[in-house]
Amino acid sequence: MEDMPLADPGLDPERNLERREMMERLSRAVEAMGERCRELFRLKLEGRSFHEIQALMGVRSINTIYTWDSRCRRRLLELMGGRWEAGQ
Amino acid sequence: MKPQDVEKLLGGYATETLTEAERKALLEAALANQELFDALAEEEALRELLSDSRCRRQLLALLGAKPEPVYRRFLAWLGRPAAWGALAGSAAAVVLLAGIVMRVHRPAMEPARTPARPAEVAPAPAVPQRQEGAKPSRSEGKRARPGPKTKVTARRAAPPLPEPPPPEKKGPSRQPVAIAEAERADMTAEARPAPTQERAAATVAPPPSAPADRLALVQPRPMAQPAPDARALYYEPPRVLAPGEPGAAGFLRSSKPPLERRAASVQTIRATLPPLGLRYAILKNGAEASAGDLRVGDRVALSVEANHAGYVYLLRRDPAGAWMLVCPPAGEQIAVKPRTPLRLPPTGSLPAREQPGEEKLLLVFSRVALPPDPGALAARDVWRRPLVKSERHETYVVDPPSIPGSRLHAEITLTYR
């Protein structure tokens, strides 16, 4: 992972290490997600609102987006071992 | 939005995808649902990671997104509430810095004006020249009062005072501080300031060694705000407390030990609703009475009102010390509406006492319906002590804003004679 985030000078070393580990696990989990979840996650990271995502993905009901996002979140959490932070 | 759909917003929390209305709905639902609350607090770790722009860019690169142009990223950053806070804070800091710099450089301009002052001051016909023995005006008398430095308050906005005579003509009781300043500082600018500044210099005894000190001395001290009592908090409308604002701190009410890293997220979650509050009165034979004014055989009930929608429960301690549920009856719940009085028990009264003594009651007010288990209802955190205020026959019990919770306990002691 040569592109790992640099250590944040504001965080202590332990937090830096935790953040690196979490980023590693998150990256592996994102790669393992399905196409729809990856697309949804990408649009969210780009700063889109749910209504914008609804329009971009061509979905009629906003509740569908909520449901997809909820499922994708659970899937991502499963892929990360049930916890965002390691060792919690 | 349906309540079951609100939980689906959880995925948008960490990525800051939610609109303000969605976020508010999620936080309100979390305060009423412990599981959702725990999950929301867990999301804080992911939100913290994703708030790092570098992490976001790496994830976007992983997901095959093209890197956004800088202006797009800037606009996206502006769309976040925190960005506006940062901009406002920066602007405030710049304004404050500019004000300090201007005040620092202002004395440097004084020498240019000083030579003109004697000509301006001495022959001024509108300026009443104070002769020796003349009674100073009331304002001058106040100004000339010797002693420790005085706070400069809003009176500085009053019309400018007449120019005083040069220092050597002044009597010993008038502006001794100004003379001391001139001698000590040996600065002509300080000895002959402008009227408003002279007034400030006279009331503030020692000359500031640095301009920043003068600024600190002339700043009025903010008055301490009295802490709100239970009654005030009971009637206070809901408002959002900013993180860091007194009263915004909260504890995670969870089976897991509270973590400092999650406490900050809990602050925002808990700060969107008012603290739970109850107002109750003792009813003796149908009329309001005090808890200590009861006699054996009285028919006692409670008149209860809540400041928030929720559910109430009334428990009574039996002679063995265990809590027993008085109401609601098994299988039922008593829902309360905000500011709507309710009688407990709904019908009849508490079991009549046959002997004098004390009887302990416990009112429990919850935002959500709870299982009617007396032991679980009576369980509370010992560090959460509600605020209590009694007025005549009414008592207000409110969860303190500093540690709001999802459940309020009000202990009542009835004394029967």
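Source: prediction; values computed, not measured. (Residues numbered from 1 in each chain as written. Chains lettered and ligands numbered in written order. Predicted model: local features only at pLDDT ≥ 70, side-chain atom pairs only at ≥ 80, totals over all residues. Heavy atoms only, no water.)

### Describing the interface of chain A and chain B
Okay, step 1: Across the contact, 36 residues belong to chain A and 33 residues belong to chain B.
Okay, step 2: Taking both sides of the interface into account, the surface hidden between chain A and chain B amounts to around 3,400 Å²; carbon and sulfur atoms contribute 60%.
Okay, step 3: Taken as a group, A:Arg19, A:Leu45 and A:Tyr66 account for 18% of the area that chain A buries against chain B, more than any other trio of residues on that side.
Okay, step 4: In this structure, B:Glu43 and A:Arg73 form a salt bridge, with 2.8 Å as the shortest nitrogen-oxygen distance.
Okay, step 5: If you look at where chain A meets chain B, you find eight residue pairs in polar contact (both at pLDDT 80 or more).
Okay, step 6: Elements that contribute at least two residues to the side of chain A that touches chain B include exactly α1 (13-32), α2 (35-45), α3 (50-57) and α4 (62-79) of chain A. (Contact = heavy atoms within 4.5 Å. Buried area = accessible area lost by both parts, 1.4 Å probe. Salt bridge = Lys/Arg side-chain N within 4 Å of Asp/Glu carboxyl O. Polar contact = N/O pair within 3.5 Å; in protein donor to acceptor, adjacent residues only side chain to side chain. Helix = DSSP H or I, 4+ residues; strand = E, 2+ residues; numbered from the N terminus.)

### Some remarks on the packing of α2(A) against α4(A)
Residue and element names in this part refer to chain A.
Okay, step 1: Relative orientation of the contacting elements α2 and α4 amounts to 100°, with a least axis distance of 10 Å. When the interaxial angle is binned, α2 and α4 end up roughly perpendicular. Residues Arg36, Cys37, Leu40, Phe41 and Lys44 of α2 form the contact with α4, whose participating residues are Ile65, Trp68, Asp69, Cys72 and Leu76.
Okay, step 2: Of the residues belonging to the contact of α2 with α4, the class tally is seven nonpolar, no polar and three charged. (Axes fitted to C-alpha atoms, helices over the stretch in contact; angles between N-to-C directions. Parallel < 35°, antiparallel > 145°, perpendicular 65-115°, else oblique. Nonpolar A, V, L, I, M, F, W, Y, C, P; charged D, E, K, R; others polar.)

### Re a nonpolar patch on the surface
Residue and element names in this part refer to chain B.
Okay, step 1: Among the surface-exposed residues, Tyr71, Phe74, Leu75, Trp77, Trp84 and Leu87 lie close enough to one another that they form a single nonpolar patch of about 680 Å² accessible area.
Okay, step 2: Elements with a minimum of two residues in the nonpolar patch: α6 (70-78) and α7 (81-113).
Okay, step 3: Examining the composition of the nonpolar patch, we find that four residues originate from one element, α6, more than from any other.
Okay, step 4: Its location among the elements puts Trp84 in helix α7.
Okay, step 5: Residue classification places Trp84 among the exposed residues on the basis of a relative accessible area of 55%. (Patch = residues over 30% accessible without salt bridge, like charges linked within 9 Å, V, L, I, M, F, W, Y side chains within 5 Å. Areas by Shrake-Rupley, 256 points an atom, 1.4 Å probe, with all protein chains shown as cover. Buried < 20%, exposed > 50% of the residue type's maximum accessible area, 1.4 Å probe, protein only.)

### Considering the pairing of strand β5 (residues 323-327) of chain B
Residue and element names in this part refer to chain B.
Okay, step 1: Note that strand β4 (residues 310-317) and β5 share four bridges and pair antiparallel. From the neighbouring strand, Leu315 faces β5, where its bridge partner is Leu325.
Okay, step 2: As consecutive antiparallel partners, β4 and β5 are separated by five residues, and within that stretch Gly321 has a phi angle of approximately 100°, a positive value. (Pairing = 2+ DSSP bridges.)

### Let's talk about the packing of aromatic side chains
Okay, step 1: Inspection of every chain in the model, using the stated rule, returns four aromatic pairs over all chains.
Okay, step 2: Between B:Tyr234 and B:Tyr235, the ring centres sit 4.9 Å apart and the planes meet at 90°, which makes this aromatic pair edge-to-face.
Okay, step 3: Given the relative accessible area of 32%, B:Tyr235 is considered partly exposed.
Okay, step 4: Here B:Tyr234 and B:Tyr396 contribute two aromatic rings whose centre-to-centre distance is 5.4 Å and whose plane-to-plane angle is 65°, an arrangement assigned as edge-to-face. One end of the pair, B:Tyr234, is in helix α14 (residues 230-235); the other, B:Tyr396, is in strand β10 (residues 394-398), and 162 residues separate them in sequence.
Okay, step 5: B:Tyr234 gets classed as buried once you look at its relative accessible area, which sits at 0%.
Okay, step 6: Using a relative accessible area of 1% as the deciding quantity, one classes B:Tyr396 as buried.
Okay, step 7: Through pairs of rings, three or more aromatic residues link up here, namely B:Tyr234, B:Tyr235 and B:Tyr396.
Okay, step 8: One residue, A:Arg36, lies across the ring of A:Trp68, its end atom 3.8 Å from the ring centre.
Okay, step 9: Sitting above the plane of the B:Tyr234 ring, B:Arg339 keeps its charged end 5.3 Å from the centroid. (Phe/Tyr/Trp six-rings, centres within 6.5 Å; stacked < 30°, edge-to-face > 60°. Lys NZ or Arg CZ within 6 Å of the ring centre and 35° of its normal.)

### Regarding the pattern of salt bridges
Okay, step 1: Inspection of every chain in the model, using the stated rule, returns 20 salt bridges over all chains.
Okay, step 2: Across the pair A:Glu46 and A:Arg42 runs a salt bridge, and its minimum N-O distance is 2.7 Å.
Okay, step 3: Between B:Arg47 and B:Glu44 there is a salt bridge whose closest N-O contact spans 2.7 Å. Here B:Arg47 pairs with B:Glu44, and both are found in helix α4 (residues 34-50), just three residues apart, close to one helical turn.
Okay, step 4: Overall, the relative accessible area of 8% leaves B:Glu44 in the buried class.
Okay, step 5: Overlapping salt bridges bring together A:Glu39, A:Arg42, A:Glu46 and A:Arg48 as one network.

Function-wise, these values are silent; they only describe arrangement.
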